[in-house]
Every structure is written in C-alpha cells, then in structure tokens.
Amino acid sequence: MNTLRFPLTAALLVFLTFSLSSCDAIGTIFKAGAWTGLIGVFLLVLLLWFIVRKMRG
C-alpha cells in the first residue's frame with residue numbers, strides 16, 4: 001500500500017495545479033469580501049489537512 005501513496009499524492013497535486021489557477025481563485029475570493037476570503041482560505045486549508053491526515057492513516 002505504501003508504494004501507491006506517492007504516485008497518488010503526486011497525481012492529486014498535479015490535478016490541483018492544473019485545475020486551480022491561483023490568481024483567478026484569489027481574485028474571485030476577495031471580490032466577495034475580505035472576511036469571506038479568510039473563511040474560504042481557512043476552510044480550504046482545513047479540508048486539505050483532513051485529506052492529508054486520512055491518507056497517512
């Protein structure tokens with residue numbers, strides 16, 4: 001199972017890199033307002049932390 005973790009993680013990171021343009025994402029978030037942006041970024045970091053923690057076991 002350990003041999004599948006690195007390719008899966010690498011594929012996920014490549015997918016996220018191509019699917020999310022950081023400038024567009026940040027611009028759209030902060031058009032909605034600073035507080036909405038802060039909450040959105042916090043929730044995104046929390047979701048990524050949760051996913052990484054689940055993948056590690």
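Residues numbered from 1 in each chain as written. Predicted model: local features only at pLDDT ≥ 70, side-chain atom pairs only at ≥ 80, totals over all residues. Heavy atoms only, no water.

Asker: So what's going on with the overall build of the protein? Which residues, and what values?
Answerer: When helices and strands are counted, the protein shows three helices and zero strands. Element order for the protein, N to C, with α for helix and β for strand: α-α-α. When burial is assessed residue by residue, the protein has 2% of its 57 residues classed as buried. In the structure as shown, the protein presents an accessible area of about 5,300 Å², 76% of it carried by carbon and sulfur atoms. (Helix = DSSP H or I, 4+ residues; strand = E, 2+ residues; numbered from the N terminus. Buried < 20%, exposed > 50% of the residue type's maximum accessible area, 1.4 Å probe, protein only. Areas by Shrake-Rupley, 256 points an atom, 1.4 Å probe, with all protein chains shown as cover.)

Asker: Outline the environment of Met55, supporting the account with residue identities and numerical values.
Answerer: Turning to its location among the elements, Met55 is positioned in helix H3 (residues 34-56). Along the backbone, Met55 and Leu8 are 47 residues apart, and their C-alpha atoms lie at a distance of 9.8 Å.

Asker: Please set out the UniProt feature "transmembrane region" (unreviewed entry) in the protein residue by residue, giving values where relevant.
Answerer: When the UniProt feature table is mapped onto this chain numbering, "transmembrane region" (unreviewed entry) sits at residues 33-52. Taken end to end, residues 33-52 comprises 95% helix and 0% strand; its first and last C-alpha atoms sit 29 Å apart. (UniProt positions renumbered as here; feature names shortened; annotations may be inferred.)

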